[in-house]
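# Residue-level structural notes
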Amino acid sequence: MTRGARGLFAPDRVAVVGATEREGSIGQAIMENLQDFDGEVIPLNPKRDEVFGIPAYDDITDVDGDVDLAVIVVPPHIAVEATRQLAEHGVANVVVITAGFGETGSEGAARERELQDIAAEYELNLVGPNSLGVMSTPAKMNATFGPDAALPGSMSFMSQSGAFITAVIDWANDQGIGFKDIASLGNKAVLDETDFITFWHEDEATEVILAYLEGIDDGREFIDTAREVTKDTPIVMVKSGRTEAGAQAASSHTGTIAGSEQAYEAGLDQAGVLRAENVQELFDFAQILEGQPVPAGNQVAVISNAGGPGVMATDAIGDSNLEMANFTDETLRQLGDSLPDGANIYNPVDTIGDADNERFRTAIDIVLADPNVDAAIVLSAPVAVLDYDELAEDIATLQAEYEKPVAAGLMGGERTANPEEILGDHGIPNYFDPARGVQSLDALVTYRNITDIEYQAPTTYDVDRERAAEILHAVEGRDTNRLGVEAMGLLDAYGIPIPEGEIVDTPGDAETVAASIEGDVVMKIVSPDILHKSDIGGVKVGVPGEEVRDAYEDLVTRAKNYQPDATILGVQVQEMVDLESGSETILGMNRDPQFGPLILFGLGGIFVEILEDTTVRVAPVSEREAEEMLEDIESAPLLRGARGRDPVDEAAITESVQRLSQLVTDFPAILELDINPLVATPTGVQAVDIRLTVDPDQL
Amino acid sequence: MNTLLLASTQESTGKTAVALALGQLARADDRAVGYMKPKGTRLQSNVGKTLDADPMLARELLDLDAEMHEMEPIVYSTTFIEGAIRGQEDPEELRDRIEESYRDIAADADLMIIEGSGVYTTGGIVDLADDDIAELVDAGVLLLERLDSVGDLDRILGAVDRLGDRIEGIVFNAVPDSMYDLVESDIVPYLETRGVPVYGVIPHNRNLAGVTLSDLTDELGGQVLTGENGDVFVERVLVGAMSGESALSHFRRTKDAAVITGGDRADIQRAALEAPGVKALILTGGFDAPGAVLGKAAERDVPVVKVQSDTLATVERAEELIRGGRVRDARTVEQMRQLLHDHVDVDAVLR
């Protein structure tokens, strides 16, 4: 966003283009919603002298002085002209509520392009089109056409679904949950999610950023920006279109391309964004981030007056990144003194069912005082001797005193209403389900880990770019965009080790090359049209020198029989790589439409094909991220020497990951690339085969 | 007066493009050129008009005055063939008709270029196969052939035998990279030993492959939903029936393709729009795509066409059309002129 962006959420004067009193119209709804606005509202409508008692003007040129924000509700073709007029007049922020742009077809898309051109020309901050509007509680500004205004708060919320916003506000109002700013992104023609997180990062009144998105426009930019933002301001996001069915729906709804779920997991992870699976998590996480401090560590104590819920909480902790705290001897002694004999003084603490407020409070006090305890979850079932209101007060007091995050689990129905409010006033969430409480504390720990990360720059290796470019250009003369083993030099050019070998096109040459290689050789048919060489007998392993000629003929014949119109470039004669002492791994890359190049790694064979045990990162990948990738995969122990094998050279693997990252960053034309297998041995790695897809227009 | 008949043993060898290109080259040399296609077989479909597009193009490009019925005296339609086998056609009368048209057109020309049927044996039913016609108008025959594998030689030699003394020579067209060296180093010398000169070997040229999207749209009876770019060239079709996630990977591997998919597959459509090699989107089943997808298509300049037929039928028809590669425009002939110039001994051919 540019100069004057402050006026988007905190304008002094708001113009409404298309303001009207006509029943049931959007213009009317906006004007009504703006009645509570602290600043000035200026209706613009050539057909009216006044709207709701406020004098109206024909258009912006009739208005004296500066207007910081304009809201447009007029039909699409007028909206474009109105935008231009506003921009020319110096209005810095425009919200286009009007629909009928890119989401409706090609004519609409053309109109949307016009809006983009105007915005670019005048450096306009344009929200939408097809937006519900924007809202900001400090000035009581509701420039949306939704039915309700939000309560004040310190969470700012952006959504790609306007309807979702109205539902959220209605629910949040019931819950007593408030917001600072709300933005309906609409078609994201100009301002997108990256712009808003940047803006709210600088906004001191925004403590947590929430988002509902179906797609991210420029993933890499988002990651780089979010990394900065999340150092100070947590971002929690629900990104839908995660499943096959959901992706179809998203494409229909907003024309979003289905980015892979793995890409989003990796991308949002690398961005330092907390991902919520659903709406409930979105608000659970947001609220606890808003109301509770971030813990110093991940050691959690569970205090409960009922054994069952205590165990449930413990289970949930086992599933999370939290750990059960080990109390100090001093804590145990104190708990032993203050709790009756039947109680459990170890974590999870069970005060037993007859605990009154006094006993409960004492237990919480002792536990929170323990230096080994970073956070706590307090659970309670209703009993006659326990006053929930007083318990809530005690929890709040103690939490504030020790400044450690606490989640409450006061279970029950009606009787929890007032205590929940008390706790809520102090920023402490209350849940019926202990697992939810644990997950919320887990989110705090995740956020703490995010703030601890120090992002590393990627390593730059000394590579042969010209040679790589030359090899990639081979795809231009072809019918398809694919290259195969004939492109192995690409890896060599970027310092990824490949076995000795050459591609030949006569049996005689094959024999000569084989003679120059020690030991038996591997021979493979080279054809960009044949994808699965081994399936068609296109690979021969362990060919001794005297059988090379025959092997050559055989390979070519099989290929021609299998696919008569395949282009055969020859046969690759290659050094045999020792697979016995090595582990087969897969190293690849896929260009995700939203995040850009995604580096993928896993163990080969069934591990990737059946178990799908792979890890991805968005490139460029730093050394630390590459090392993390090796930690990520479940079958990592096999690389480290399980079952009597020697550990492989992990540093060589991480170096290959980084070199590949550099290759695909240097050449945006590479759309997909697979090194399968990358054989890892105790002394290094070798890339044995390669397949890639190139976009010749980007070379 | 020189009369040259272009014949082939297979359909779609590029006869029209070569015929017209030769005609243009001859005219550039100040020769008066006449053109005929005695048996019109490439019929306009759908609308039912039985006029061949090739003579029409010839008239335009070679600036000819001749009447359509003279350039194409016989319309070799299914109706004609049925009539012929029932004895309703008189081969004598047909021969006379062709001869008369030939004489009329040849009167003003010093080079006559005659385009044979798709396959040279067509017309045998009424004793008017291409070798019969060559005999009738005293033409030398230039065989224009594709060569996708060495196995094709047997078929070509069969034609050589049948044509006997009439054969002038062979030109190979659209020879794939993988065959080119073999053709030059082994096949051409072999044919010379069989007494058949090879006047040229034209390599496969990507620009001459494929059909325009307008042609495809017309033939499929489609409706353009967005994008006016009918000039887009489509060389292949891909079917979009896989999962949304694998779609992008699949589409990225292709070039100059049209993706054919159901109108209800928004995820496939969106993935297709993301792939650089996808030049057009064809939606089947009479569905409209969601507005958001059309908006994106407009943004990326990818035309979207809607057809009523189902995916399978559409794919089959589209592939047929692409294989047929209709030569409809001056551009293709122009490119062929350049190829002839670069790879063929045109002087020897046109003598």
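Overview of the structure. (Residues numbered from 1 in each chain as written. Chains lettered and ligands numbered in written order. Predicted model: local features only at pLDDT ≥ 70, side-chain atom pairs only at ≥ 80, totals over all residues. Heavy atoms only, no water.)

## A look at the overall build of chain B
- The helix and strand inventory of chain B stands at 15 helices and 15 strands.
- Relative to the globule expectation of 20 Å for 351 residues, the C-alpha radius of gyration of chain B, 22 Å, shows essentially globular dimensions.
- On the principal axes, the C-alpha backbone points of chain B span a range of 65 × 50 × 40 Å.
- In chain B, of all internal contacts separated by at least 6 residues, the share reaching a separation of at least 24 is 68%. (Helix = DSSP H or I, 4+ residues; strand = E, 2+ residues; numbered from the N terminus. Rg over C-alpha atoms; globule rule 2.2 N^0.38 Å. Contact = heavy atoms within 4.5 Å.)

## Re the interface of chain B and chain A
- Contacts between chain B and chain A engage 31 residues on the former and 35 residues on the latter.
- Across the chain B/chain A interface, buried area totals approximately 2600 Å², and carbon plus sulfur atoms make up 48% of it.
- When the buried area of chain B at its contact with chain A is split by residue, Arg 252, Arg 253 and Lys 255 of chain B rank highest and sum to 28% of it.
- Inspection of the region where chain B meets chain A yields one salt bridge.
- Between Arg 253 of chain B and Glu 672 of chain A there is a salt bridge, with the nearest N and O atoms lying 3.4 Å from each other.
- Viewed at the interface, chain A and chain B are joined by 11 residue pairs in polar contact (both at pLDDT 80 or more).
- Put simply, the parts of the chain that give the side of chain B that touches chain A at least two residues each are strand S10 (223-226), helix H10 (244-252), helix H11 (266-274) and helix H12 (291-299) of chain B.
- It is H12 of chain B that contributes the most residues to the side of chain B that touches chain A, eight residues altogether.
- The residue inventory of the side of chain B that touches chain A, partitioned by class, reads 10 nonpolar, eight polar and 13 charged. (Buried area = accessible area lost by both parts, 1.4 Å probe. Salt bridge = Lys/Arg side-chain N within 4 Å of Asp/Glu carboxyl O. Polar contact = N/O pair within 3.5 Å; in protein donor to acceptor, adjacent residues only side chain to side chain. Nonpolar A, V, L, I, M, F, W, Y, C, P; charged D, E, K, R; others polar.)

## With respect to the nonpolar core
- With 79 residues, the main nonpolar core has Leu 22, Leu 143, Phe 172, Val 183, Leu 191 and Leu 340 of chain B as its most contacted residues.
- Sort the elements by how many residues they give to this core and helix H1 (residues 15-28) of chain B lands first, with seven residues.
- With residues near it in sequence (within four places) discarded, Leu 191 of chain B still touches Leu 153, Leu 157, Ile 170, Phe 172, Val 196 and Val 198 of chain B.
- Formed by 51 residues, the second largest nonpolar core is a distinct cluster that contains Leu 34, Phe 37, Ala 139 and Leu 213 of chain A. (Core = buried A, V, L, I, M, F, W, Y, C linked by side-chain atoms within 4.5 Å. Buried < 20%, exposed > 50% of the residue type's maximum accessible area, 1.4 Å probe, protein only.)

## Some points on the packing of helix H12 (residues 329-338) of chain A against helix H13 (residues 357-369) of chain A
Residues and elements named next belong to chain A.
- Packing of H12 against H13 leaves a shortest axis separation of 10 Å and a crossing angle of 175°. With respect to their mutual orientation, H12 and H13 come out roughly antiparallel. Contacts between H12 and H13 involve Thr 331, Gln 334, Leu 335 and Ser 338 from the first element and Arg 359, Thr 362, Ala 363, Ile 366 and Val 367 from the second.
- Its residues assigned to classes, the contact of H12 with H13 comprises four nonpolar, four polar and one charged. (Axes fitted to C-alpha atoms, helices over the stretch in contact; angles between N-to-C directions. Parallel < 35°, antiparallel > 145°, perpendicular 65-115°, else oblique.)

## Here's the deal with the side chain of Thr 9 of chain B
All names here are of chain B.
- Relative to the helices and strands, Thr 9 resides in the loop between strand S1 (2-7) and H1.
- A polar contact is formed between the side chain of Thr 9 and the side chain of Glu 145, at a distance of 2.7 Å.
- Within the structure, Thr 9 has its side chain in polar contact with the side chain of Arg 155 (distance 3.0 Å).
- Not counting residues up to four positions away in its chain, the partners in contact with Thr 9 are Val 119, Tyr 120, Glu 145, Arg 155, Ile 156 and Ala 159.

## A closer look at the pairing of strand S2 (residues 40-44) of chain A
Residue and element names in this part refer to chain A.
- Burial analysis of S2 places four of its five residues in the buried class, the great majority of the element.
- As defined by bridge partners, strand S1 (residues 13-17) adjoins S2 across five bridges and the pair is classed as parallel. When the sheet's bridge partners are listed, Val 16 is paired in S2 with Pro 43.
- For the segment spanning S1, helix H2 (residues 26-33) and S2, crossover handedness is right-handed. (Pairing = 2+ DSSP bridges. Right-handed = clockwise from strand over helix to strand, strands pointing away.)

## Side note on unusual backbone geometry
- At the junction of Gly 128 of chain A and Pro 129 of chain A, the peptide bond is cis and its omega measures out at 0° in the coordinates.
- Residue position: Pro 129 of chain A is located in the loop between strand S7 (125-127) and strand S8 (133-136).
- For the bond from Asn 676 of chain A to Pro 677 of chain A, the omega torsion is 5°, close enough to zero to count as cis.
- Secondary-structure assignment places Pro 677 of chain A in strand S30 (residues 670-681).
- One non-glycine residue with positive phi stands out, namely Glu 403 of chain A, at about 55°.
- Here Glu 403 of chain A lies in the loop between helix H14 (388-402) and strand S21 (406-410).
- Judged by relative accessible area, Glu 403 of chain A falls into the exposed class, the value being 62%.
- Its identity as a non-glycine residue notwithstanding, Asp 138 of chain B has a phi of 55°, on the positive side.
- Looking at where Asp 138 of chain B falls in the secondary structure, it is placed in the loop between helix H6 (130-137) and strand S6 (140-145).

Any functional reading would require information that these geometric values do not contain.
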